[in-house]
Amino acid sequence: MPCVGDWLNNPLSIVQGFFAQNAPNSDWEKKVTEYFKEKLKENNATNWVPSLNDVPVHYLKPNSLVKFRCMVQDMFDPEFYMGVYETVDPNTNARVLHFGKYRDVAECGPQQEIDLNSSQTVTSERQTLYCIPVPGESAWVKEISFGTLQARVSPSTSYTPSRHKRSYEEDEDMDLHPSKQKEQHMGNRGGGDIHGCVEPKRLETEAPAGHHLISPNCSPPLDLNFPLPGEKGPACLVKVYESWDSFKVNDVLEVYGVLSVDPVLSLVNSEERDSSALDPMECMDTAEEQRVHSPPASLVPRIHVILAQKLQHLNPLLPACLKEEESKTFVSNFMSELSPVRAELLGFLTHALLGDSLAAEYLILHLISTVYARRDVLPLGKFTVNLSGCPRNSIFTEHIYRIIQQLVPASHRLQMTIENMNRSRFIPHKDYAANRLVTGVLQLASNTSLVLDETQLEQGQLDTTGVHNVTALGNLISWQKVDYDFSYHRMEFPCNINVLVTSEGRSLLPSDCQVHLQPQIIPPNMEEYMSSLLTAVLPSVLNKFRIYLSLLRLLDYSISDEVTKAVEEDFVEMRKNDPDSITADDLHKTLLVARFLSLSAGQTTLSRERWLRAKQLEAQRKARLQQQQCVNGNEL
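Remember, predicted model here, so these are calculated numbers, not experimental data.

Thresholds applied
- Residues numbered from 1 in each chain as written.
- Predicted model: local features only at pLDDT ≥ 70, side-chain atom pairs only at ≥ 80, totals over all residues.
- Heavy atoms only, no water.
- pLDDT = per-residue confidence, 0-100.
- Contact = heavy atoms within 4.5 Å.
- Phe/Tyr/Trp six-rings, centres within 6.5 Å; stacked < 30°, edge-to-face > 60°.
- Buried < 20%, exposed > 50% of the residue type's maximum accessible area, 1.4 Å probe, protein only.
- Lys NZ or Arg CZ within 6 Å of the ring centre and 35° of its normal.
- Patch = residues over 30% accessible without salt bridge, like charges linked within 9 Å, V, L, I, M, F, W, Y side chains within 5 Å.
- Areas by Shrake-Rupley, 256 points an atom, 1.4 Å probe, with all protein chains shown as cover.
- Salt bridge = Lys/Arg side-chain N within 4 Å of Asp/Glu carboxyl O.
- Helix = DSSP H or I, 4+ residues; strand = E, 2+ residues; numbered from the N terminus.
- Pairing = 2+ DSSP bridges.
- Axes fitted to C-alpha atoms, helices over the stretch in contact; angles between N-to-C directions.
- Polar contact = N/O pair within 3.5 Å; in protein donor to acceptor, adjacent residues only side chain to side chain.

Draft legend 1. Fine view of the confidence of the model for the protein. Per-residue confidence for the protein gives a mean pLDDT of 84; residues scoring 70 or more make up 83%. Long-range and interchain partners of residues 173-220, a stretch whose pLDDT sits below 50, account for 105 contacts in this model, where long-range means more than four residues apart. The low-confidence segment residues 271-282 (pLDDT under 50) makes 19 contacts with residues lying over four places distant or belonging to another chain.

Draft legend 2. Inspection of the packing of aromatic side chains at higher detail. Summed over all chains, the structure comprises twelve aromatic pairs. A ring pair is formed by Phe 19 and Trp 28, whose centres lie 5.2 Å apart and whose planes are at 80°; its orientation type is edge-to-face. You can call Phe 19 buried: its relative accessible area is 3%. Following the ring pairs from residue to residue traces out a cluster consisting of Phe 18, Tyr 35 and Phe 36. We note Arg 126 situated over the ring of Tyr 81; from NZ or CZ to the ring centre the distance is 4.6 Å. Sitting above the plane of the Tyr 372 ring, Arg 595 keeps its charged end 3.6 Å from the centroid.

Draft legend 3. Local environment of a nonpolar patch on the surface. Nonpolar side chains collect at one region of the surface, where Val 377, Leu 378 and Trp 479 lie side by side and expose about 280 Å² of accessible area between them. Mapping Val 377 onto the fold places it in the loop between strand 11 (373-375) and strand 12 (378-380). For Val 377, a relative accessible area of 59% gives the class exposed.

Draft legend 4. The sheet that holds strand 13 (residues 385-388), seen in detail. Strands sit in the order 14-17-20-13-21 across an open sheet of five strands; the sheet is parallel. The outermost strands of the open sheet, each flanked by one partner alone, are strand 14 (411-415) and strand 21 (513-516). Taken over all neighbouring pairs, the strand axes of this sheet differ in orientation by 20° on average, direction set aside. The sheet contact formed by strand 14 and strand 17 (residues 449-453) spans five bridges and is parallel. Residue Arg 413 lies in a different strand from strand 17, and its bridge partner there is Val 451. This element, helix 11 (residues 396-407), spans strand 14, strand 17 and strand 20 (498-502) of the sheet and lies at about 165° to strand 14.

Draft legend 5. Spotlight on unusual backbone geometry. Positive phi, close to 60°, is recorded for Asp 376, a residue that is not glycine. Relative to the helices and strands, Asp 376 is located in the loop between strand 11 and strand 12. Taking the relative accessible area as the measure of exposure, Asp 376 reaches 78% and is therefore exposed. Of note, the phi angle at Ser 487 is positive, near 65°, even though the residue is not glycine. Mapped onto the elements, Ser 487 comes out in the loop between strand 18 (481-485) and strand 19 (490-494).

Draft legend 6. How the structure looks around the environment of Ser 503. On the secondary structure map, Ser 503 appears in the loop between strand 20 and strand 21. A relative accessible area of 2% means that Ser 503 is categorised as buried. Along the chain, Ser 503 and Leu 457 lie 46 residues apart, while their C-alpha atoms are 8.9 Å from each other. Setting aside residues no more than four positions away along its own chain, Ser 503 makes contact with Asn 386, Leu 387, Ser 388, Gly 389, Cys 390, Glu 454 and Thr 455. A distance of 2.9 Å separates the side chain of Ser 503 from the side chain of Asn 386, its partner in a polar contact.

Draft legend 7. Fine view of the environment of Thr 535. Counting through the fold element by element, Thr 535 comes out in helix 14 (residues 526-536). The exposure class of Thr 535 is exposed, given its relative accessible area of 68%. Separated by 3.5 Å, the side chain of Thr 535 and the backbone oxygen of Ser 531 make a polar contact.

Draft legend 8. Expanded view of the pattern of salt bridges. In total, this model carries 27 salt bridges according to the counting rule given. For Lys 41, the salt bridge identified is with Glu 38, shortest N-O distance 3.6 Å. Within this pair, Lys 41 and its partner Glu 38 are both found in helix 3 (residues 27-41), separated by three residues, close to a single helical turn. Since its relative accessible area comes to 60%, Lys 41 is described here as exposed. A salt bridge links Asp 104 to Arg 126, with the shortest nitrogen-to-oxygen separation between them at 3.9 Å. On the criterion of sequence distance, the pair formed by Asp 104 in the loop between strand 3 (95-99) and strand 4 (105-106) and Arg 126 in strand 6 (residues 122-132) is long-range, its members being 22 residues apart. Residue classification places Arg 126 among the buried residues on the basis of a relative accessible area of 3%. Where salt bridges share partners, they join Glu 79, Asp 104, Arg 126 and Lys 239 into one cluster.

Draft legend 9. View of the side chain of Ser 600. Here Ser 600 lies in helix 17 (residues 584-600). At 2.7 Å, the side chain of Ser 600 and the backbone oxygen of Leu 597 are in polar contact. For Ser 600, the residues in contact, after removing those within four places along its chain, are Leu 338, Arg 342, Ile 364, Leu 365, Ile 368, Tyr 548 and Leu 552.

Next comes the structure, spelled out in structure tokens:
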């Protein structure tokens, strides 16, 4: 019988136990899933599972249970594998039944051969997802998620290196130069490919040849296809066995599965590979596709998924699922103290925006906005704010982004320089030679905050790429979609990205709401002033801000028939008084402001009081724009 710790250190032994007891009945697969689901519910057991987001792969024991929080960057074609296969000893003719699920490499003893013609063989199918760490994930999310993990201090007894464990942040040099790493995890010495046995010595000499995985016609070496520059962490090939139809590109997942880093996986990249070790179907793939889809396991490990779930949000301070009973208690407790949290956040952002409380109000509304539905092509709930009046070429916009970065789980600041617009790849495109989706800057997870810094824009000429990039930004803002380039056609990928545009005058990009900054404070040292804001906030208060912004995005909202009728009557009255300046678009915008204003106060339905307050905010915002227009002529 397996010992208690085997489910974590040697999950395949647990699988073997269920397989031996229940094979060939397929019930063993459900029992495996249920077993691990129950195990992970016990006493914060999830904290004991090492995370590939935090611990470099060369510190982890092969075939152990790991977890990975990731975004699906690409989906490869489904692949066939031998779910059940039989080995035979040529000398004694003894036969043994094995499972192939959760494995890349077939288990084959020294005196055994796989009987490919066995009637016991079961061919199954699995889906491979190419997954990467969540783009733009904030440092505080990683620190809270992984800073106190027990798994960090319980390294594998078989694979503990001489130095202490370090996270990806500290292990950057190893990540950038994987050739410095020696293959520590040789897997099962008697193993072979899932379709046959391969001589182990051959594998040891050929595996390292796979480190140069990308050809000149595809992507440069070590390109892990991260959308944003400077990202760290591993990319993984995530093998999904059940319900893969429920996953799609750009979904954020948390997966628990068996880590596979066998060097035989790199064999496909070797010029001298043994063709008998490969699936015959793979011979139809191009060389580029083989290199991209079968990179060295030391660089792109495999995870065979036992459990996977889509994440509602990325905030580690919130319960993963808000529908559970314990989560409802958490929500009700926090909502009871919502008012002072909102007041403190408003004061904090007012100081950050140089004393402008109106701009701070709109920034809160922007940060809790989310696309809650789509009507035909129109995304409902998007609230892109253009914060105009920002000082040109100042560190102000950079510090505003740093503050947002401390408040939201994922974000990115895009400096709209001519060089960036002309040289960056914003839109993902399909590389048919490698059969992969090559990423772009706009391939982001849902609810990412994207800050477009237009104050960096200088005089110059946009080339064709630049024009396409500006168009892509406009489509993202207006329709919350990105049109991925598949050469012969474009495919719409809906998204939910909060866009804040900082500019000197009115932005050249569309927006739902323009707020002109009116500083009440002119600090003599902007750098010192903005830096002191974050250091002055207590960590506990900062965490309340983070919970506040994430939680309110997830609340339901409705408008009663009574209030709807009152709003309609109010709109008709406003049209009577000023038919030229009040349009249907103004009504839509004011209703949107009222929605987020209500949610920001913890109210899930619209009251007359909030409607009047929304009208008041909109009147102040428009009056400020009119005033600025009078000062600067036709600038706005």
